[in-house]
Amino acid sequence: MSDVADRVKKIVVEHLGVDAEKVVDNANFIDDLGADSLDTVELVMAFEEEFNVEIPDDAAETIVTVGDAVKFLEKNAA
Amino acid sequence: MRRVVVTGLGMVTPLACGVEETWSQILDSKSGANKVEGFETDDLACRIAAQIPLGDGSNGTFNADQWMEPKEQRKVDPFIVYAMSAATQALNDAGWKPTTYEDQCASGVLIGSGIGGIGGIYDASLTLIERGPRRISPFFIPGRLINLASGYVSIEHGLKGPNHSVVTACSTGSHAIGDAARLIALGDADVMVAGGTESPINRLSLAGFAACRALSTNFNDDPTRGSRPYDKDRDGFVMGEGAGVVVLEEYEHAKARGAKIYAEVIGYGLSGDAYHITSPSEDGDGAYRCMAAAIKRAGISASEIDYINAHGTSTPLGDELELKAVERIVGNAAGKLSMSSTKSAIGHLLGAAGAVEAIFSILAMRDGIVPPTLNLDNPSVETAIDLVPHKAKRKEVNVALSNSFGFGGTNASLVFRRVS
């Protein structure tokens, strides 16, 4: 597992209060991990913070699973 | 109008989390005041406050995790967590867990706060200035709004009836209970979860209230002596934090399900000073009129009141004006009246004060004992009224009145009667 994936999963566990084993690549933040629309906004903010990157709103809309976030950040994070 | 009774109690105070845990310490003349912990106070005029004892939840300590999931706590200011605790305690005490759609729709929430999420607003302001608007959390607004205490409680307990809130400074808790009782009396709900909550202890609030010259500043080295209502050395209030919530219920509804009934809400009065933003009217007229309105609504004579839980904040002006207004209300019956200020023990809980003090008034009736006014060494004026100095006192209390007066000249009085 990549370093990016580890950091993403840690953030998801902290913010959504879910068990780490549920935070798998194809887990959907809303459908599988119990997030609401506000939670997803805050998650994106936390990713921006952790990876020191700006995630524009149109890109944020495409990040719906844990794997989406990992992929985006591996590609775009400094 | 329909009769309204109290069937559940809950509170978080600077003495303890829990009604009985707090009450036993009140009766033991314990004080919850201390030097402020948790942030820098060296440059503040007032460096004392009555803070909630935090812990694992044992021995009356407050453990937020018992009342709200950590991931939810993170989103809100503490006043919402305190409200969740007090409301859950009160509903458990009442044994009311509505599960049918009809019962849920007949059960509402009316919890207020004086200044709500002022601590979170302060923190977010710093974030905005230092790091810009993109760093403001989507939970910033919903976690600071005062009516979100009612919102969170309704979601947690499935209460789909009236969802309302009150913001009347230090009268909030009393207005919330009074207004909620009216909703039941008029048939808008059968059960209301009502009260006040406050988490004001931070640098900004202490600086602001000190600038109003409202806080005690002469007892920074002797915190438990700072709140001293009616005493000649009083110099302002000691800030407290916490929540008080009651379950109010239509009388027949409570009787039908065999609920324990603590007391009946028989009177509620409101008035405005129309005088000054922070000072009470010079002749105590506003206080007099709201007590008179509550007594009239109760259909009793003032001489029937056995105990008054005073607003009595320990400010130089306010205490004596309230006392004069009470003397005027009860007239020749002053000699049989006991009146105390429990703010001497727990400080001033601002928007939560009226609710917590209503509960103390109800417990005084239940137990036949009136709580003390601590630190009342030398009363600043003479009165025939028993101000219950230092020690709690056995006394049969059948009718109790609780006063709250707030900035803006907003006043509320509640009258409770024992139900035999």
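Bear in mind the structure is a predicted one, so any value in this text is a computation, not a measurement.

Remarks on the overall build of chain B
Part 1: Across its full length, chain B holds 13 helices and 14 strands.
Part 2: Taking 22 Å as the expected radius of gyration for a compact globule of 420 residues, we find that chain B reaches 20 Å, a close match to that expectation.
Part 3: Taken over 420 residues, chain B has a buried fraction of 62%.
Part 4: Long-range contacts, defined as pairs at least 24 residues apart, comprise 79% of the intrachain contacts of chain B with a sequence gap of at least 6.
Part 5: Per element, the accessible surface of chain B, about 15,500 Å² overall, is 51% carbon and sulfur.
Part 6: Within chain B, the 48 negative side-chain charges are centred at a point lying 2 Å from the centre of the 38 positive side-chain charges.

A closer look at the UniProt feature "domain: Ketosynthase family 3 (KS3)" (unreviewed entry) in chain B
Part 1: The positions UniProt marks with the feature "domain: Ketosynthase family 3 (KS3)" (unreviewed entry) are residues 1-418 of chain B.
Part 2: For residues 1-418 of chain B, the end-to-end C-alpha separation is 19 Å, with 33% helix and 18% strand making up the annotated structure.

So, the confidence of the model for chain B
Any region with low pLDDT has predicted coordinates that should not be read closely.
Part 1: Averaged over all residues, the pLDDT of chain B equals 97, while 100% of them reach at least 70.
Part 2: Here the predicted complex carries an ipTM of 0.89, next to a pTM of 0.97.

Re the sheet that holds strand S6 (residues 191-198) of chain B
All names here are of chain B.
Part 1: With mixed pairing, the 10 strands of this open sheet are ordered in space as S5-S4-S6-S7-S1-S8-S14-S13-S9-S10. In this open sheet, the two strands that pair with only one neighbour each are strand S5 (163-164) and strand S10 (338-340).
Part 2: Taken together, the eight bridges between strand S8 (residues 263-272) and strand S14 (residues 410-417) define a ladder with antiparallel strand orientation. Residue pairing for S14: valine 265 is matched across the bridge by phenylalanine 416.
Part 3: Docked against the sheet, helix H10 (residues 285-298) engages S8, strand S13 (399-406) and S14, running at close to 145° with respect to S8.

Quick notes on the UniProt feature "active site" (unreviewed entry) in chain B
Residue and element names in this part refer to chain B.
Part 1: Taken from the UniProt record, the annotation "active site" (unreviewed entry) applies to Cys170.
Part 2: Of note, cysteine 170 is situated in the loop between S5 and helix H7 (172-185).
Part 3: In contact with cysteine 170, other than residues within four places in its own chain, are His311, His348, Leu350, Ser404, Phe405 and Gly406.

Side note on the pattern of salt bridges
Part 1: Counted by the stated rule, this structure contains 33 salt bridges over all chains.
Part 2: As a salt-bridge pair, arginine 135 of chain B and glutamate 48 of chain A come within 3.4 Å of each other at their nearest N and O atoms. Within this pair, whereas arginine 135 of chain B is found in the loop between helix H5 (118-131) and helix H6 (148-157), its partner glutamate 48 of chain A is found in helix H2 (residues 37-51), the two belonging to separate chains. Just as arginine 135 of chain B is buried, glutamate 48 of chain A falls in that class too.
Part 3: Arginine 203 of chain B is the partner of aspartate 43 of chain B in a salt bridge, and the nearest nitrogen-oxygen pair spans 2.9 Å. Taken as a pair, aspartate 43 of chain B in the loop between strand S2 (33-35) and strand S3 (48-50) and arginine 203 of chain B in helix H8 (residues 203-211) lie far apart in primary sequence, 160 residues in all.
Part 4: Using a relative accessible area of 26% as the deciding quantity, one classes arginine 203 of chain B as partly exposed.

Procedures and definitions
Residues numbered from 1 in each chain as written. Chains lettered and ligands numbered in written order. Predicted model: local features only at pLDDT ≥ 70, side-chain atom pairs only at ≥ 80, totals over all residues. Heavy atoms only, no water. Helix = DSSP H or I, 4+ residues; strand = E, 2+ residues; numbered from the N terminus. Rg over C-alpha atoms; globule rule 2.2 N^0.38 Å. Buried < 20%, exposed > 50% of the residue type's maximum accessible area, 1.4 Å probe, protein only. Contact = heavy atoms within 4.5 Å. Areas by Shrake-Rupley, 256 points an atom, 1.4 Å probe, with all protein chains shown as cover. Lys, Arg positive; Asp, Glu negative; His and termini not counted. Charge placed at Lys NZ, Arg CZ, Asp CG, Glu CD. UniProt positions renumbered as here; feature names shortened; annotations may be inferred. pLDDT = per-residue confidence, 0-100. Pairing = 2+ DSSP bridges. Axes fitted to C-alpha atoms, helices over the stretch in contact; angles between N-to-C directions. Salt bridge = Lys/Arg side-chain N within 4 Å of Asp/Glu carboxyl O.

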